[in-house]
Amino acid sequence: MITKVTCALIEQYGRVLVTQRSETMPQAMLWEFPGGKVEDGETEIACLIREIQEELNLRITPVQRLTPVVQKYDDKTIELIPFLCQYNGGTIKLTEHRSYHWVMPQDLTNYDWCPADIPIVQEFLELINEQRT
Ligand SMILES: Nc1nc2c([nH]c(=O)n2[C@H]2C[C@H](O)[C@@H](COP(=O)(O)OP(=O)(O)OP(=O)(O)O)O2)c(=O)[nH]1
């Protein structure tokens with residue numbers, strides 16, 4: 001069974017939002033793009049909007065689906081589905097995470113990422129470089 005998980009690359013003023021998982025979550029203390037598991041009967045986009053509202057109190061619009069990553073962990077296999085997202089409003093209130101940073105793209109590789117996020121960071125950096133050339 002593969003668990004579908006969506007995650008949001010929320011951009012604002014040239015930075016992207018990254019969140020750190022708490023001590024009590026699976027993949028504890030690692031950095032990720034916020035999001036969560038798709039519920040039965042829910043679309044990926046509805047899931048992401050709901051999760052970002054619940055976890056961060058932010059309103060977003062997913063605008064571009066990037067390449068999903070299948071990752072096996074000890075207890076489960078996930079398909080992590082990333083979306084580039086537009087920030088629409090709200091002030092961050094953390095309900096689950098330990099912390100968050102707004103990060104310049106060139107600094108993204110300095111974080112200790114959940115394994116599934118590493119290819120997503122790479123794809124995001126390639127996209128940004130294409131936009132610049
Ligand atoms: N939200 C999110 N989860 C990620 C990312 N990368 C990554 O490996 N994951 C993993 C961590 C978790 O094992 C799973 C997401 O589930 P979740 O965030 O809803 O975790 P949860 O605390 O509800 O987990 P669980 O106890 O119900 O198993 O995907 C990411 O960028 N964003």
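Residues numbered from 1 in each chain as written. Predicted model: local features only at pLDDT ≥ 70, side-chain atom pairs only at ≥ 80, totals over all residues.

Naming follows an unreviewed UniProt entry, where the chain appears as 8-oxo-dGTP diphosphatase of Pontibacter lucknowensis. Of the comments in the UniProt record for the chain, the one headed Sequence similarities (unreviewed entry) reads "Belongs to the Nudix hydrolase family." Check the Cofactor (unreviewed entry) section of the UniProt entry for the chain; it says "Mg(2+)". (UniProt positions renumbered as here; feature names shortened; annotations may be inferred.)

1. Topic: the site of the ligand
Around the ligand, 17 residues are found, and the nearest of them are Glu 32, Gly 35, Gly 36, Cys 114 and Ala 116. Looking at the shell around the ligand, the elements with two or more residues in it are β1 (2-12), β4 (35-37) and β7 (77-89). Counting residues per element, the shell around the ligand draws most heavily on β4, at three residues. By residue class, the composition of the shell around the ligand is ten nonpolar, four polar and three charged. (Near = placed C-beta within 6 Å. Helix = DSSP H or I, 4+ residues; strand = E, 2+ residues; numbered from the N terminus. Nonpolar A, V, L, I, M, F, W, Y, C, P; charged D, E, K, R; others polar.)

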